[in-house]
Amino acid sequence: MTPAGSYAHRIEGIVRRYRSRVRAVLFVRAVLVTTTTTTAAVSAWNLLSNSTVESAATGLAVAAGAGLIASALFALHGTPTLQDTAAVIDDRLDTRNHVAAALQLLRDESPMAVLVVRGALLKLTSTTPAAVVPMHITKHIAAAALCVTIALLTFARAQAPLPQQVDGAAHGDTREPGPDTGIANDDTRADVSARRVATMASQSPSTQGRDPGTSRKSATASEERVAGPADASHRDPTTSNSNEMAREAAVSKRDPSPPFERSGRGQGSGTPDDDDVTLDSVAMAGNAAGPPSTAGTGTGRSLATVEGGASQAGGVSLGELTEANTGSSALTRQRMASTVATARTQAVTALTNDDIPPGLRRYVRDYFLRLQASGGRR
Amino acid sequence: MNEQRAGMTLSPEEVEEQSRTFRDCFAHLRQEIGKVFVGQQHIVDQLLLCFFCQGHALIEGAPGLGKTLLVRTLSDALSLRFARIQCTPDLMPGDVTGTNLLVESPSGHREFTFQAGPIFANIVLADELNRATPRTQAAFLEAMQERHVTVFGVTRYLDEPFSVVATQNPIEMEGTYPLPEAQLDRFFFKLRVAMPTVEELSEIVDRTTGTLHAQPAPRYGAPAVRALMEVVKQVKVSPPARQLVLHLVRATHPDAETAPEFVTKYVKYGASPRAAQAMILAAKALALLAGRFHVAVEDVLPVVVPALNHRLIRNFHGEMEQVTTEVIVRHVLDAVHGKSHA
């Protein structure tokens with residue numbers, strides 16, 4: 001092979017490598033775009049149609065596969081010719097059409113052609129395809145990550161019943177039960193879960209064996225704990241967390257009427273009705289306050305504590321609660337906010353420490369997600 | 001094929017050496033002409049490009065701008081034979097090409113002997129060519145295009161290098177014979193010499209009214225110049241540059257689908273293929289000057305206007321609205337080059 005032929009052979013190989021790089025970049029970018037788009041579309045569909053886990057996963061897999069295939073086709077179709085690749089290289093390296101000229105002279109044995117090809121070879125060997133044709137896919141990756149996150153969220157949403165489904169069940173929503181929706185139409189799962197949580201929390205070693213007096217103290221202390229995060233840090237995390245979780249679960253299934261009404265009703269009746277069953281359970285769980293009758297007059301304390309727990313987590317105005325119980329607004333808005341934050345932190349800690357039975361976690365989590373989505377308003 | 005054969009006789013290293021010589025020669029010419037001819041550097045460069053591409057130049061400018069001096073200095077700096085023909089209406093073709101004269105030998109024998117005209121030189125200055133009659137102008141045609149003249153049925157080849165530099169005065173049109181389009185097309189470049197600036201004028205006055213007269217240092221000679229001209233021809237053309245030239249020429253035709261609106265409005269006839277040849281050749285010389293052995297798009301751009309502006313024929317609207325061909329060419333360049341860049 002002549003020197004010119006050798007140069008020509010090498011430069012053609014190099015340009016082919018650059019072309020492969022261009023194709024790879026096209027493919028990766030297309031994958032990110034198509035997969036993102038299809039995944040987002042399928043996620044939106046899952047979201048709208050309340051798909052099951054299986055159908056959502058299948059849809060996402062099909063979308064991703066279709067995106068891959070489309071990207072491969074796009075990259076193959078969009079792969080430039082060798083001359084176009086040479087033009088791209090010239091453009092990126094600012095070599096003034098040198099590579100394009102050299103590629104055209106591959107079979108030219110004239111001395112000038114040899115000089116052109118040799119010069120182009122020198123320029124091309126001093127760099128790499130990755131440097132000349134970079135990926136530049138940061139935006140694509142960000143968009144893809146966003147869409148994948150959305151997809152995962154919708155996937156998770158499909159996996160667990162929606163918070164409104166839980167609430168609907170708590171309010172007597174009698175939808176058809178089914179394996180897909182996970183909604184029970186007999187006594188609501190929220191109710192059951194609240195009771196379970198309450199029971200478990202009441203069986204917690206730290207709360208067992210207390211006398212009513214202790215319970216009162218505890219109730220008072222509970223009111224005081226609401227006052228600030230500093231107090232909360234002294235609490236037994238197991239007890240307080242589980243108690244509050246139980247309260248939250250219980251309150252979440254209750255009538256969403258304002259706390260004043262709830263508090264007043266609790267004080268006035270003194271006897272357990274349907275709601276009070278849960279309330280008593282929670283009161284028992286949270287403070288070991290004894291039988292429900294004690295909640296009547298005192299109202300008390302256990303009930304106030306329940307309401308306080310709810311307000312902590314649910315963002316109900318603590319000032320209102322304080323008025324209901326004491327008639328004075330002692331807590332400032334700032335303290336309320338910190339209290340709510342503390343309650344959330346404790347709830348998360350409780351979830352992390354597996355204080356809530358696994359079967360009930362999703363209800364508690366959904367409740368907090370709903371609270372978060374609504375900005376703390378119930 | 002000739003180009004390839006000429007190239008095959010040299011090694012790449014020899015071609016590289018010749019390209020360096022070309023750059024040295026160009027720099028030498030610029031320097032020597034600069035000693036005599038003040039300013040107008042772009043005109044000097046374009047004239048040199050035209051010369052090394054074996055083309056002919058048409059220089060247009062008012063009297064007294066140094067057109068003749070420029071051409072003579074070029075010839076002197078290269079040690080080439082120079083001839084000047086002052087064109088007048090009574091100039092005959094034989095005065096240009098030469099004629100057969102009846103000559104008596106010392107032995108008393110009489111025979112016709114060809115007396116070569118001034119066209120048999122390396123650089124011919126045809127001063128005020130538009131004052132010659134069309135018949136005489138046609139005598140230049142064959143010499144410029146075919147590089148030979150035919151006198152009394154005998155074809156005589158001109159020496160290489162051969163270049164005609166014609167001048168014409170744009171302000172005195174009375175008693176002139178405007179050059180026909182066919183002849184205009186044979187000029188490689190049309191250059192317009194502008195009035196010098198005040199500083200340049202001051203320099204001209206200083207140089208020409210004193211006792212010292214700079215003389216260019218002669219170097220190279222005809223064989224060396226011929227070799228350099230061959231090197232220019234061997235330069236390769238990249239596909240983008242070629243495409244640009246072809247589209248430019250095509251876009252100057254009002255009936256072309258790629259012609260910009262400006263062309264369809266003001267142009268009657270577009271550029272001929274000679275325009276493409278001129279642009280490519282001049283771009284090759286520019287590439288060699290830039291140290292490259294291939295023509296890039298950047299090499300084409302500076303030569304578009306001088307190569308095209310005398311090859312476009314305006315229509316009635318163009319002449320009435322006094323749209324110059326240079327303006328039209330710049331529109332074409334913007335349209336085609338901008339499109340290719342987009």
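Above this note sits the structure.
Here is a short report on the structure shown in this document. All values derive from a computational prediction rather than experimental measurement.

## What about the overall build of chain B?
Line of reasoning, step 1. The secondary structure content of chain B amounts to 16 helices and 13 strands.
Line of reasoning, step 2. Residues classed as buried in chain B amount to 51% of the 342 residues present.
Line of reasoning, step 3. At a minimum sequence separation of 6, the contacts of chain B that also span at least 24 residues come to 76%.
Line of reasoning, step 4. For chain B, the computed accessible surface area is about 15900 Å², with 55% contributed by carbon and sulfur atoms.

## Overview of the overall build of chain A
Line of reasoning, step 1. Counting secondary structure elements, chain A contains 19 helices and zero strands.
Line of reasoning, step 2. Residues counted as buried form 47% of the 378 residues belonging to chain A.
Line of reasoning, step 3. Here the contacts in chain A between residues at least 6 apart in sequence split such that 74% fall between residues at least 24 apart.
Line of reasoning, step 4. Element-wise, carbon and sulfur atoms account for 59% of the exposed surface of chain A, whose accessible area totals about 18200 Å².

## Here we look at the pairing of strand E6 (residues 148-151) of chain B
Line of reasoning, step 1. Pairing of E6(B) with strand E7 (residues 154-157) of chain B, which is carried by four bridges, proceeds in the antiparallel orientation. In the strand pairing of E7(B), His148(B) is matched with Tyr157(B).

## Concerning the interface of chain B and chain A
Line of reasoning, step 1. At the interface, 24 residues of chain B touch 19 residues of chain A.
Line of reasoning, step 2. When the two sides are added together, the surface that chain B and chain A hide from each other amounts to roughly 1600 Å², 68% of it contributed by carbon and sulfur.
Line of reasoning, step 3. There are three salt bridges connecting chain B and chain A.
Line of reasoning, step 4. In this structure, Arg118(A) and Glu16(B) form a salt bridge, with 3.6 Å as the shortest nitrogen-oxygen distance.
Line of reasoning, step 5. There are five residue pairs in polar contact (both at pLDDT 80 or more) connecting chain B and chain A.

## With respect to the pattern of salt bridges
Residue and element names in this part refer to chain B.
Line of reasoning, step 1. In this structure the tally under the stated criterion is 20 salt bridges over all chains.
Line of reasoning, step 2. Among the salt bridges present, the one from Glu 17 reaches Arg 20, with a minimum N-O distance of 3.0 Å. Of this pair, Glu 17 and Arg 20 are both found in helix H2 (residues 12-36), three residues apart, which corresponds to roughly one turn of the helix.
Line of reasoning, step 3. Judged by relative accessible area, which is 42%, Glu 17 ranks as partly exposed.
Line of reasoning, step 4. Of the charged contacts, one joins Asp 127 and Arg 84 as a salt bridge, the two residues approaching to 2.6 Å between their closest N and O atoms. On the criterion of sequence distance, the pair formed by Asp 127 in strand E5 (residues 123-127) and Arg 84 in strand E2 (residues 82-86) is long-range, its members being 43 residues apart.
Line of reasoning, step 5. Sharing partners across several salt bridges, the network here consists of Glu 60, Lys 190, Arg 192, Glu 326 and Arg 330.

## A few points about unusual backbone geometry
Generally, phi is negative for residues other than glycine and the peptide bonds are trans, each holding for most cases.
All names here are of chain B.
Line of reasoning, step 1. For the bond running from Glu 160 to Pro 161, omega is -5 degrees, close enough to zero to count as cis.
Line of reasoning, step 2. Looking at the element boundaries, Pro 161 is found in the loop between E7 and strand E8 (163-168).
Line of reasoning, step 3. A positive phi angle is found at Arg 147, which is not glycine, with a value near 60 degrees.
Line of reasoning, step 4. Of note, Arg 147 is situated in the loop between helix H6 (134-146) and E6.
Line of reasoning, step 5. In this structure Arg 147 comes out as buried when scored by relative accessible area, which is 16%.
Line of reasoning, step 6. Backbone geometry places Tyr 220, a non-glycine residue, at a positive phi of 70 degrees.
Line of reasoning, step 7. When you line up the elements, Tyr 220 lands in the loop between helix H8 (198-209) and helix H9 (222-234).

## Description of helix H4 (residues 67-77) of chain B
All names here are of chain B.
Line of reasoning, step 1. Residues of H4 that are buried: Lys 67, Leu 70, Val 71, Thr 73, Leu 74, Ser 75 and Ala 77.
Line of reasoning, step 2. On its buried face, H4 sits against H2, helix H3 (41-52), strand E1 (57-60), E2, E5 and E8.
Line of reasoning, step 3. Immediately downstream of H4, the backbone of Ser 79 shows phi near 55 degrees, a positive value.

## A look at the packing of aromatic side chains
All names here are of chain B.
Line of reasoning, step 1. Summed over the entire model, instances satisfying the criterion amount to seven aromatic pairs over all chains.
Line of reasoning, step 2. Their ring planes at 50 degrees and their centres at 6.0 Å tell us that Phe 22 and Phe 26 sit as a pair that is tilted. Of the two residues, Phe 22 and Phe 26 are both situated in helix H2; the distance of four residues between them amounts to about one turn of the helix. Phe 26 shares its class with Phe 22; the two are buried.
Line of reasoning, step 3. Ring geometry for Phe 51 against Phe 52: centres 5.5 Å apart, planes inclined by 70 degrees, an arrangement best described as edge-to-face.
Line of reasoning, step 4. A residue is classified by how much of its surface remains accessible, and Phe 51, at 2% relative accessible area, is buried.

## Regarding the environment of Glu16(B)
Line of reasoning, step 1. Looking at where Glu16(B) falls in the secondary structure, it is placed in helix H2.
Line of reasoning, step 2. Since its relative accessible area comes to 24%, Glu16(B) is described here as partly exposed.
Line of reasoning, step 3. Sequence separation of Glu16(B) and Leu288(B) is 272 residues, and the distance between their C-alpha atoms is 9.8 Å.
Line of reasoning, step 4. Other than its neighbours up to four places away in sequence, Glu16(B) contacts Leu115(A), Arg118(A) and Phe293(B).

## Some thoughts on the environment of Val38(B)
Residues and elements named next belong to chain B.
Line of reasoning, step 1. Tracing the sequence through the fold places Val 38 in the loop between H2 and H3.
Line of reasoning, step 2. Remark: the alpha-carbon pair of Val 38 and Pro 196, spanning 158 residues in sequence, is separated by 8.3 Å.
Line of reasoning, step 3. Excluding anything up to four places from it in sequence, Val 38 contacts Glu 200, Glu 203, Ile 204 and Arg 207.

So, how was this worked out
- For every chain, the first residue of its written sequence is number 1, and the numbers climb from 1 along that sequence.
- Chain letters start at A and ligand numbers start at 1, both assigned in the order the entries are written.
- In keeping with the predicted nature of the model, local features appear solely for residues at pLDDT of at least 70, side-chain atom pairs appear and are counted solely at 80 or more, and the whole-chain, interface and lining totals rest on all residues.
- Side-chain descriptors were evaluated using all non-hydrogen atoms of the structure, hydrogens and water having been removed beforehand.
- A run of H or I in DSSP becomes a helix once it reaches four residues, and a run of E becomes a strand once it reaches two; helices and strands are each numbered from the N terminus.
- Three exposure classes are used, based on accessible area relative to the maximum for each residue type with a 1.4 Å probe and protein chains only: buried under 20%, partly exposed in between, and exposed over 50%.
- Contacts between residues were defined by any pair of non-hydrogen atoms, one from each residue, lying within 4.5 Å.
- Surface exposure here means Shrake-Rupley accessible area, sampled with a 1.4 Å probe, where a residue is shielded only by the protein chains that are shown.
- Any two strands with at least two DSSP bridges between them are considered paired.
- Summed over both partners, the accessible area lost on bringing two parts together, with a 1.4 Å probe, is the buried area.
- By convention in these notes, a salt bridge is any Lys or Arg side-chain nitrogen within 4 Å of a carboxyl oxygen on Asp or Glu.
- For the purposes of these results, a polar contact is taken to be a pair of N or O atoms within 3.5 Å, where, inside protein, one atom must be able to donate a hydrogen and its partner to accept one; residues adjacent in sequence count only when each atom of the pair is a side-chain atom.
- Stacked, tilted and edge-to-face are the three classes assigned to paired rings of Phe, Tyr and Trp, where Trp is represented by its six-membered ring and a pair needs centres within 6.5 Å; plane angles under 30 degrees give stacked, over 60 edge-to-face, the rest tilted.

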